[in-house]
Structures are given as C-alpha cells and as structure tokens.
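# Residue-level structural notes
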Amino acid sequence: MTLQPQIPAKRMFPTFLVPLMILWILTVIFSWFYPERGAVLISNITTPVLLMCSGAWLYSHGKSLRTTEWLLLALTGWYILTRILNGNHYLETDYGFVCQLIATTCVAFPLAGSLEGKRRDNALKVLAGVVVALFSAIAWIAAIASITHHPFQMPLSNLVIGVNGVYTDPARLNVLDMHPNISGALFCLGMGLTLYLCVALRSKWWLLLLVPAALGLSAAVALTLSRTAMVVLSCQIGGIVYLILMKKLRFSRRWLKPAISLLVFIALSAASFMGLYQSILAMDALSGVVEGKLPAIAAVSALASSNPTVAPSATKSPSTDSIVDRSRLNDNVSTFAGRLSDIYPAVIPVLKERPITLLIGNSTDNVISAANRLTGRYLYHWHNSLVQTLMTAGLPAFLFALAFSVLLIIQCARLILSPDVPLPVQALVLPVAGAFIHSMLENLLFVNVQLPNLLFMLLCGFLFAYERTLHPRLRSKKTV
C-alpha cells in the first residue's frame, strides 16, 4: 500500500484562510447591497466558520503570541467583559459584533504571520486585487450614476449608488446609504492598494486595469466631498512617488535625495488635492453634455477657463447644476476645529456624570446621547477611534489600542526609512497609514467591525510579518 504525501497542517491551515478571507470580504460587501440577506449569510455561514478558525488559531498559537497579538486579544477580551458589565449580560445585542471582533483579531490580523515568502506575497496580491476590483467597480458605478443624474438602484432593495436625496445638506455621493465620510475612507483604502499593486505586479500590462481603477476611485472620493479623504488620497499619490524617488535617485550628496523627494511629495500632494477639486468641475461639465444642458464646446471651454491654481476656499459658489454641493469644500477649518472645541472637550463632563465609564466604558447609545446633550448637536460617534475606544470600552481598552498604534507607527517608520526594504512592502504602508489618519477624525478602528477595520487589521498583519522577515534579528524577540 502506497502512502500518499500529505500537506502539513501548518501549510494547509493558512492556505484555507486566504479563500476564507475573500469570502468574508465578499459577504460584507454583499450585505451592503442586501442588508437583510447579508446579515443572515454572515451570521449563519461566515461567522461560525470564522469562530472555528479563531479557536484553531488560539489553540495552536496560544503559547507563542507576539506583543501585538496579545494587545489585540486583550482589547477584544476587555471589550467583551465591558459589554457584560454594562448590562448586556448574555451579549444579546452584541453577539454579532463580538464574533466579528474575535475573528478580526484571530483570523484577519495573524493571517500574514502564518504565511511565508512567495505564498505571503501572492496572498497579499490576491487579496488586494479582490478589494481593488470591488471598490473600483462601485466607484465607477457611483461616478457614472452621478454624472448621468440617474442613481443606480439595486433590483431587490431600495438602496442606491449616486447622488440622491439621502445626503442633501450638502448634496454628496450616497453609496448604499453609507455616510460619505465612510465611503470616502473605503475608496482611499482601495486607492492605497491600487498603488501597491502598481509597484508589486511585475507585468506592467496590469496598469491597463489599475489606471482606470485609480481614476474611478479618485472621482468617487471627490464626489463624497470628504476633505479628509481627499487629503489622504492626495498624500497617497504623493507618497508613492516619494518612495519611488527614494529608490531611484542617486546623488553624491546624501541629503539631496530625501530633500528632493520630500519637495516632490509636497508639491504632488497639493497638486493632487487641487486635481480632485477640479475633477468635480470636469464631471459637472461632462454631466451638462450628457444631459444636453450645455453644448460640448461650451462645456469644454468652461472647464478650460477654470483656474486650477485657485484654492477651493477662493472659488465661487457652485451653480445649481453642479452634481454635488462644492460649497462644502469652501468651508473654513472651523468644521474641523469643532471637534476640538466641543466634541473632544465633552469627554470629561461625560466621564464626570458616570465615573465608572472611565474603567468599563458604556454602551454606544448611552455615551453618545450624553455627548449630544452636552454639545447641543447630534453626533453619530466621537469622531476619533481612540476616543471612541475610551468612551465605549474604558481606559484599559484605550491603552491597548494606543500601545498597538505606537508599535504600528514604529514599524511603518522602520519600513519606510530602511533602504533595504523592497518598494512593494513600503507601498503597503500607504493604505494602512491612510486608514489610521482617517481614524483620527472618524470612528473606523479598534472597537469597530466594519470593513475599514477588517482591512486595516489584515494589512497591519502583513506589515508586521514583513518587518519580522526583513529584520531577522527581531525574530528572537517577541516584541512585535
């Protein structure tokens, strides 16, 4: 009897996790289009499999966890405990949230660490390709629907993609009733992964697909009118050029290379931001041609006459025929300063009203209702992922998330500043850094189970895994 060669369990398990991760991402996006059916699919199929894999990972790696894994496990465990202490004793209303949080910690983040060499590179390219394909398709649907003034409606639901009456103050892109700031963050993640694929894929024929994907994602970000997303996307474009210049430039004086690269980064980021604003004018002109409101020659001349060097704050009020309300981009920084003047200062009074919140947090509804009362305006969340973690799960959770963030920043800096790190690995920092910057103004990460947090943790796992591989001296230290 001849024994058939068997695949080692250590190789088979991560190989299984890659298609599982793709399935997880697909089911989440499916739930955007069909929330009720998506919720059933996730709770009855995806979640049980994810919990099984989470248990298998804990069983096999429980004695060899790294610091980042311990931090995420501690954050997850403490969050679960705080839900119980805050009255949800049997996790009736938080069961799905808790399961997704466990899977993010025990499946998404450690996935890269279980892969090695080419298998890790290929897994990342496949995962990035899936995300870019999905996000760019949605972005192009959004751009076309906005330009034609015909929102795309799903056949089995009332959700639409396009500019409609959901977000009218000001008029902004509506992607399946998702807040424009959140959809803008997702499109930025897609752009960061697009730039990663541009330098990671050897065959440049892929650029025939990646360039249109980047154009669609840029147009969608502009239509969201999210200034944070526009800044992040612009910095990603400038960042990839900075990384390329740092690899390619050669000067006898060492200081010239970083100096020139930094100047190009600043100039290109600023130009990209202005380009995003001008893209709205271009889409307005194209929309006029499509709708027959403007002759083609008039539309082109109107676009050409616009001064691309004028900052958004200096532009005139948009016409009533504009796809979106560009006046939002003309607001001064007071809308950002509002977070510093009333939202963040409300933390102390809210904690004084219920001191135990500092230790165990509070339910999201209760802690936000208190903030609404103190600030005098309606808030969805605390507009900062770390502050949200503090108010929702208490000081221990905040410290766990902060420690993880510090380690992440250190690892990103090491990868960016080391000349020996391959360009694709350095480019992977762009979507991670973009999501983290976004999270400082929106509730996206840590005590959140939406797709931005899932992708962020997945990519963070790859960054930490690559850092360990590229710096073998760190292997003996379980500090990351």
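Bear in mind the structure is a predicted one, so any value in this text is a computation, not a measurement.

## Points about the overall build of the protein
A tally of regular secondary structure across the protein gives 18 helices and 3 strands. Within the protein, buried positions represent 51% of all 480 residues. Relative to all contacts within the protein whose residues are 6 or more apart in sequence, the contacts with residues 24 or more apart total 73%. In the form shown here, the protein has an accessible surface area of approximately 22500 Å², with 67% of it arising from carbon and sulfur atoms.

## Digging into the packing of aromatic side chains
Tallied over the full model, the rule gives 7 aromatic pairs. Ring geometry for Phe30 and Tyr34: centres 5.4 Å apart, planes at 50°, overall tilted. Residue classification places Tyr34 among the buried residues on the basis of a relative accessible area of 12%. One aromatic cluster is present, built from ring pairs that chain together Phe109, Phe404 and Phe464. For Arg83, the ring lying beneath its charged end belongs to Tyr79, and the centroid distance is 4.5 Å. Positioned above the aromatic ring of Tyr466, the side-chain terminus of Arg120 is 5.4 Å from the ring centre.

## Looking at a nonpolar patch on the surface
A contiguous nonpolar surface patch, about 450 Å² in accessible area, is contributed by Leu358, Leu395, Leu399, Leu402, Val406 and Ile410. Here the nonpolar patch takes 5 residues from helix α15 (residues 385-417), the largest share from any one element. By the element assignment, Leu402 lies in helix α15.

## Points about the packing of helix α5 (residues 117-148) against helix α6 (residues 180-200)
It is at 9 Å that the axes of α5 and α6 come closest, and there the two elements cross at 130°. Judged by the angle between their axes, α5 and α6 are oblique. In the packing of α5 onto α6, the handedness of the crossing is left-handed. Here α5 contributes Asp121, Leu124, Lys125, Ala128, Gly129, Val131, Val132, Phe135, Ile138 and Ala139 to the contact with α6, which in turn contributes Leu186, Phe187, Gly190, Leu193, Thr194, Tyr196, Leu197 and Ala200.

## Examining the packing of α6 against helix α8 (residues 227-248)
The contact between α6 and α8 brings their axes to 9 Å, and the two run at 10°. One finds that α6 runs roughly parallel with respect to α8. Counted together, Gly184, Cys188, Met191, Gly192, Leu195 and Val199 of α6 and Ala229, Val232, Leu233, Gln236, Ile237 and Ile240 of α8 form the full contact between these two elements. Among the residues forming the contact of α6 with α8, the class breakdown is 9 nonpolar, 3 polar and no charged.

## Here's the deal with the sheet that holds strand β3 (residues 174-175)
Judged by pairing direction, the sheet is antiparallel, and its 3 strands sit side by side in the order β1-β2-β3 without closing on themselves. Bordering the open sheet on either side are β1 (152-153) and β3, each of which pairs with just one other strand. Where strand β2 (residues 160-162) and β3 come together, 2 bridges link them in antiparallel fashion. Directly across from Gly162, in β3, lies its bridge partner Asn174. Where α5 meets the sheet, it contacts β1, β2 and β3, and its direction lies at approximately 70° from that of β2.

## Quick word on unusual backbone geometry
Backbone geometry at His149 places phi at a positive 60°, although glycine is not the residue there. On the secondary structure map, His149 appears in the loop between α5 and β1. The class for His149 is partly exposed, based on a relative accessible area of 33%. One non-glycine residue, Asp177, lies in positive phi territory at about 60°. Looking at the element boundaries, Asp177 is found in the loop between β3 and α6.

## Focus: the confidence of the model for the protein
Across the protein, the average pLDDT comes to 82, with 83% of residues at 70 or higher. Note that pLDDT drops below 50 for residues 1-9; the model gives that stretch 2 contacts with residues more than four away or on any other chain. Counted against residues more than four places away or in other chains, residues 473-480, with its pLDDT under 50, gives 16 contacts.

## Comments concerning α5
Compared with an ideal rise of 1.5 Å per residue, which puts 32 residues at 46 Å, α5 spans 46 Å between its outermost C-alpha atoms and is within 8% of the ideal. Of the residues trailing α5, His149 is marked for its positive phi of about 60°.

## Observations concerning the nonpolar core
If you look at the biggest cluster of nonpolar residues, it comprises 136 residues, and the most contacted ones within it are Met21, Trp32, Trp382, Phe404 and Phe456. In this structure, Trp382 is in contact with Ile343, Tyr344, Ala346, Val347, Val350, Val367, Ile368, Ala371, Val387, Gln388 and Met391, ignoring residues within four places of it in sequence.

Criteria and thresholds
Residues numbered from 1 in each chain as written. Predicted model: local features only at pLDDT ≥ 70, side-chain atom pairs only at ≥ 80, totals over all residues. Heavy atoms only, no water. Helix = DSSP H or I, 4+ residues; strand = E, 2+ residues; numbered from the N terminus. Buried < 20%, exposed > 50% of the residue type's maximum accessible area, 1.4 Å probe, protein only. Contact = heavy atoms within 4.5 Å. Areas by Shrake-Rupley, 256 points an atom, 1.4 Å probe, with all protein chains shown as cover. Phe/Tyr/Trp six-rings, centres within 6.5 Å; stacked < 30°, edge-to-face > 60°. Lys NZ or Arg CZ within 6 Å of the ring centre and 35° of its normal. Patch = residues over 30% accessible without salt bridge, like charges linked within 9 Å, V, L, I, M, F, W, Y side chains within 5 Å. Salt bridge = Lys/Arg side-chain N within 4 Å of Asp/Glu carboxyl O. Axes fitted to C-alpha atoms, helices over the stretch in contact; angles between N-to-C directions. Parallel < 35°, antiparallel > 145°, perpendicular 65-115°, else oblique. Left-handed = near helix turned anticlockwise from the far one by under 90°. Nonpolar A, V, L, I, M, F, W, Y, C, P; charged D, E, K, R; others polar. Pairing = 2+ DSSP bridges. pLDDT = per-residue confidence, 0-100. Expected span 1.5 Å × (residues − 1). Core = buried A, V, L, I, M, F, W, Y, C linked by side-chain atoms within 4.5 Å.

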